[in-house]
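Per-entry structural report
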Amino acid sequence: MMEDERLQENKHKRSPPKINETHQVHPSSSADSRSSPKKIKKVYIGHTKDALDKFEEVLSGMSIACLVVGLTTFRFVKEQDMKYFIHQNLMIALLCKNLFYKTTTWFIPTLPETSKAGCFSVSILSYFFTLSTFSWMMVEGINIIIIVVFVFKGNRNYHKQFLAIGYGLPFLLTSIFGGVFNQSFADAIECVVLQRNYFWVLRGPICFYLLVNGILYFDETSSSC
């Protein structure tokens, strides 16, 4: 009996202890679990971008419709002074800018691939009317300065001078930049957005207009005080 007990003890000592088997996860399943949040995030970003694009299209349509209604309303105003003249041209420039900006989205989606000349034309016109929009904003500031500071000159006719600033200055800038960087305008993204290296071609004149408007604003406020 003692010998049997000794053999049993030796057997227990030699035999390795039993280890509880645990469930092993396949590497591919763990990789999928790690990558699933990224996939969900990409899908969420994609849906968000699509929703924002649709929202932008709706806002663009509303903007164009409001501009058309505004210009139509101005036609029924009998006594039009310089303010109406400036606002009409500002709205015309903004309307044309919006229409040309949506050319490849609404009217000719295949234009960037089919015609470089057509893409160049749309890009140049979009650039011109964008500058015209800011130029007419500057004209509005100049007109306010004339009314506030030069009181006795406020009733004069400045149609030609304002047309020269509102459309002439953007035409000059468009001719210069369009002639020098014609290939960049032809290769514009969706025929309206210049490549990243040529952003300054649009931002430079816009910053100039904003600077002039800021100077006119401070001049007006200092004169009225």
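Definitions and limits used
- Residues numbered from 1 in each chain as written.
- Predicted model: local features only at pLDDT ≥ 70, side-chain atom pairs only at ≥ 80, totals over all residues.
- Heavy atoms only, no water.
- Helix = DSSP H or I, 4+ residues; strand = E, 2+ residues; numbered from the N terminus.
- Buried < 20%, exposed > 50% of the residue type's maximum accessible area, 1.4 Å probe, protein only.
- Contact = heavy atoms within 4.5 Å.
- Areas by Shrake-Rupley, 256 points an atom, 1.4 Å probe, with all protein chains shown as cover.
- UniProt positions renumbered as here; feature names shortened; annotations may be inferred.
- 1 Å grid on protein atoms, 1.4 Å probe; cavity = no way out; pocket = protein on both sides within 12 Å on 5 of 7 lines; lining within 4 Å.
- Points joined across faces, edges and corners; volume = space filled by probe spheres on them.
- Nonpolar A, V, L, I, M, F, W, Y, C, P; charged D, E, K, R; others polar.
- Axes fitted to C-alpha atoms, helices over the stretch in contact; angles between N-to-C directions.
- Parallel < 35°, antiparallel > 145°, perpendicular 65-115°, else oblique.
- Left-handed = near helix turned anticlockwise from the far one by under 90°.
- Phe/Tyr/Trp six-rings, centres within 6.5 Å; stacked < 30°, edge-to-face > 60°.
- Core = buried A, V, L, I, M, F, W, Y, C linked by side-chain atoms within 4.5 Å.
- Expected span 1.5 Å × (residues − 1).
- Disulfide = S-S within 2.5 Å.

For the rest of this paragraph, the subject is the overall build of the chain. The helix and strand tally for the chain stands at 9 helices and 0 strands. Of the regular secondary structure in the chain, the N- to C-terminal order runs α-α-α-α-α-α-α-α-α. In the chain, which comprises 225 residues, the proportion classed as buried is 30%. Within the chain, contacts between residues separated by at least 24 positions form 77% of all contacts whose residues are at least 6 apart in sequence. Accessible surface, the chain: about 15,900 Å² in total, of which carbon and sulfur atoms supply 65%.

This chain's UniProt record puts "transmembrane region" (unreviewed entry) on residues 58–77, 89–108, 128–152, 164–186 and 198–218. For residues 89–108, helix accounts for 90% and strand for 0%, while the C-alpha atoms at its two ends are 26 Å apart. Helix and strand shares over residues 198–218 are 90% and 0% respectively, and the end C-alpha atoms of the span are 31 Å apart.

A separate point is the layout of surface pockets. Of the pockets and cavities examined, the largest pocket occupies roughly 290 Å³. In terms of lining, the largest pocket is formed by 18 residues, of which the most central are Tyr101, Ser126, Thr130, Val192 and Leu202. Counting residues per element, the ones that place at least two in the lining of the largest pocket are α2 (27–74), α3 (82–101), α6 (116–148) and α9 (200–224). Ranked by residue count, the leading element in the lining of the largest pocket is α6, at 4 residues. The class makeup of the residues in the lining of the largest pocket is 10 nonpolar, 5 polar and 3 charged.

Contact geometry for α3 and α6: axes closest at 8 Å, N-to-C directions at 155 degrees. Between α3 and α6, the angle falls in the class roughly antiparallel. In terms of crossing hand, the pair formed by α3 and α6 is left-handed. Of the residues contributing to the contact of α3 with α6, the split by class is 15 nonpolar, 7 polar and 3 charged.

A few words on the packing of aromatic side chains. In this structure the tally under the stated criterion is 16 aromatic pairs. Counting every residue linked through ring pairs, the aromatic cluster contains Phe85, Phe100, Phe128, Phe129, Trp136 and Tyr167.

Turning to the nonpolar core, a few remarks are in order. Core analysis: the largest hydrophobic core is formed by 17 residues, its most contacted members being Tyr127, Leu131, Phe177, Phe185, Val201 and Tyr209. Those elements giving two or more residues to this core turn out to be α6, α7 (159–180) and α9. A per-element tally of this core places α6 first, with 6 residues. If we ignore the near neighbours within four places in the chain, the residues touching Phe185 are Cys119, Phe120, Ser123, Ile124, Tyr127, Phe177, Gly178, Leu194 and Val201. In this structure, Leu90, Ala93, Phe128 and Phe162 belong to the second largest nonpolar core, which totals 13 residues.

Here we come to the environment of Glu190. Here Glu190 shows up in the loop between α8 (182–186) and α9. Looking at Glu190, the relative accessible area reads 43%, which means it is partly exposed. With 88 residues separating them in the primary sequence, Glu190 and Lys102 have C-alpha atoms 9.0 Å apart. Excluding residues within four positions of it along the chain, Glu190 makes contact with Thr104 and Pro112.

Right, let's talk about unusual backbone geometry for a bit. As a rule of thumb, non-glycine residues mostly have phi less than zero, and peptide bonds are mostly trans rather than cis. With a phi angle near 55 degrees, Glu190 is a residue other than glycine that sits in the positive phi range. In the Ramachandran plot, Cys191 falls in the positive-phi region, its phi being about 65 degrees despite a non-glycine side chain. Counting through the fold element by element, Cys191 comes out in the loop between α8 and α9.

Let us look at α3. With 20 residues, α3 extends 28 Å from end C-alpha to end C-alpha; this agrees with the ideal 28 Å at 1.5 Å per step. Buried residues of α3: Met82, Phe85, Ile86, Gln88, Asn89, Leu90, Met91, Ala93, Leu95 and Asn98, and no others.

We now examine the state of the cysteines. Inspection of every chain in the model, using the stated rule, returns 1 disulfide. Disulfide pairing is shown between Cys119 and Cys191; the S-S distance is 2.0 Å. Between Cys119 and Cys191, the S-S torsion sits near -120 degrees, and that sign places the bridge as left-handed. Of this pair, Cys119 sits in helix α6 while Cys191 sits in the loop between α8 and α9, and the two are 72 residues apart along the sequence. By relative accessible area, which is 0% here, Cys191 ends up buried.

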